[in-house]
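Survey of secondary and tertiary structure
The lines below spell out each chain.
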Amino acid sequence: MKNLLYPPILHWEVTPECNHNCIHCYNYWRKESEHKSFHTCDHFEIAKEIINRHPVTVVVTGGEPLLVFSSLKNSLKLLNANHINISINTNAALVTEEIAKFLSDIKATAFVSLPCAIPSICDAITNVPNSLSNISAGIKTLVKYGVKVSVNMVVSKRNLAYIYETGKYAKEVLGLSSFFASRVSKPINSDNEFTKDLLTREDALFMYKELLQISNDFGIVTSTASPTPACIFSDDESFQKFACGKACTAGRTSYSIDCSGNVKACVRDIQTYGNILSDNFSDIWARMIDWRNDEFLPIECNNCNAKSFCRGACRLDAFPETGKRNSLDPIANLNNLPVKFAKHTNNKKHNPNQLFCIPKNISFINEDFSWRANVGTKFIFITTELKDFLSVCTKFCINDFMQKYNVDYSLANDVVNLLLDSGIIYMHEWLYIFCNI
């Protein structure tokens, strides 16, 4: 992968402290008392540096970010004023009317951890009494103020049997329209005792089957937040929903900053590459090259036709077991190689006169090898020629593109499908011409 000047996604760990003590927490300090004294720096100073990096989206995480809400407010206002999308990773237990209104005002979204719909199991996972009640109350308050909320259930052996019930709870009790379930990962510093909570390949496939069932039964969008090896799937529906487009972005199009300004490829990792307050960011990003040059790709994946889809899945799922980031994902199924669905693409043919619209909020960032087109939280890397074309249009059709660049229909149609799939353009609904080629 060519080098970016400005990775579009940033995970900002504003505090490592949390009001919950979840058994699956990745924070490496959880069981190490010597790490309980944290150095933190001014959130506003970090926010100013973040703006200079031109991210599309900042994911504010922790720990629990709402623990430092009072000191974080001005920083979030600054990000919002610079047209940066904000997402809050939270357990929602600390949400108040004031917080919900503020998040609504800055158009932030919330990604809420929902361990289980069974109160006793939820409490056992968070190690906090009445946690389900507090989480639910926080979610309802966010929804009341119009904050878009998605919930994520981290699935381990402890709550595997309750995925369907938790998805139903998200829809029918909390009134949500999306539900994520993600397999648990072993924290880097955890002992072998944690292994008993990890999902097997069969468990993971059960989780994805439950997500499909929840979507069918309740009309709710379901997905996963965890990169998944494409080779575990044997059907196209599951591959498209849970593997295609779900590859890990760490060190490629995303990175992480902790509460002291230290930069990592992933919030779950312990390897730091510099500090955003004291080091040149280009140098920091260059040090992460091993995340982009397939150095961490398992040798078993080198000749797989699906490696561009999953890139070996999460590099930190195997790391705690082997100490190597290029180890094979524990749930990978090499017996399924080559992955027969890996070449699935959008090949829809459009009428040459069908109009496509370019959103007013589209923006462009000049990278060192191309341009990045951004619309909301969505982005795609494009050529200078395509950037120039999209910059001066509000609407266009395939014929316009063909004439402008003297290309044939097939190429122009492929470009349109790529832009549609990326959410950068959309069809003009009122002038749609129903015609197939």
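To start, this report covers the structure provided alongside it. (Residues numbered from 1 in each chain as written. Predicted model: local features only at pLDDT ≥ 70, side-chain atom pairs only at ≥ 80, totals over all residues. Heavy atoms only, no water.)

Here's the deal with the environment of N374
- Along the chain, N374 falls in strand β12 (residues 371–375).
- Residue class for N374 comes out buried when judged on its relative accessible area of 5%.
- Excluding residues within four positions of it along the chain, N374 makes contact with V56, N361, I362, S363, I365, F379 and I424.
- There is a polar contact of 3.0 Å between the side chain of N374 and the side chain of R372. (Helix = DSSP H or I, 4+ residues; strand = E, 2+ residues; numbered from the N terminus. Buried < 20%, exposed > 50% of the residue type's maximum accessible area, 1.4 Å probe, protein only. Contact = heavy atoms within 4.5 Å. Polar contact = N/O pair within 3.5 Å; in protein donor to acceptor, adjacent residues only side chain to side chain.)

As for the side chain of R268
- With respect to the helices and strands, the residue R268 is situated in the loop between β9 (263–264) and α9 (281–287).
- A relative accessible area of 16% places R268 in the buried class.
- If we ignore the near neighbours within four places in the chain, the residues touching R268 are Y26, S185, K186, I188, C314, L316 and D317.

Structural notes on the nonpolar core
- Formed by 101 residues in total, the largest nonpolar core has its most connected members in W12, L79 and F179.
- Within the second largest apolar cluster, 23 residues are counted, among which are A373, I382, F401 and V415. (Core = buried A, V, L, I, M, F, W, Y, C linked by side-chain atoms within 4.5 Å.)

Some details on the packing of helix α6 (residues 163–172) against helix α7 (residues 201–218)
- For the pair α6 and α7, interaxial distance at closest approach is 9 Å and the crossing angle is 35°. Regarding α6 and α7, the two cross each other, and that crossing is right-handed. Only F206, M207, E210, Q213, I214, D217 and F218 of α7 make contact with α6, whose side of the interface consists of I163, Y164, G167, K168, K171 and E172.
- Of the residues in the contact of α6 with α7, the class split is six nonpolar, two polar and five charged. (Axes fitted to C-alpha atoms, helices over the stretch in contact; angles between N-to-C directions. Left-handed = near helix turned anticlockwise from the far one by under 90°. Nonpolar A, V, L, I, M, F, W, Y, C, P; charged D, E, K, R; others polar.)

Structural notes on the packing of aromatic side chains
- Overall, the coordinates contain 16 aromatic pairs when judged by the stated rule.
- Taking the centre distance of 6.0 Å and the plane angle of 65° together, the rings of F379 and F381 count as edge-to-face.
- Exposure remark for F381: the relative accessible area of 26% places this residue in the partly exposed category.
- Ring geometry for F389 versus F396: centroids 5.2 Å apart, planes at 80°, classification edge-to-face. The same class applies to F389 and to F396, which are both buried.
- Through pairs of rings, three or more aromatic residues link up here, namely F356, F389, F396, F401 and Y405.
- Sitting above the plane of the F364 ring, K387 keeps its charged end 5.9 Å from the centroid.
- Here K387 stacks its cationic end above the ring of W371, 4.3 Å away from the centre of that ring. (Phe/Tyr/Trp six-rings, centres within 6.5 Å; stacked < 30°, edge-to-face > 60°. Lys NZ or Arg CZ within 6 Å of the ring centre and 35° of its normal.)

Describing the sheet that holds strand β15 (residues 426–427)
- Here three strands make up an open sheet; going across it, the order is β14-β10-β15 and the pairing antiparallel. Every other strand in the sheet has two partners, leaving β14 (395–397) and β15 as the edge strands with one partner each.
- Pairing of strand β10 (residues 355–357) with β14, which is carried by three bridges, proceeds in the antiparallel orientation. Bridge pairing in β14 places C357 opposite K395.
- In this fold helix α13 (residues 398–405) packs onto β10 and β14, with an angle of close to 80° to the strand it touches most, β14. (Pairing = 2+ DSSP bridges.)

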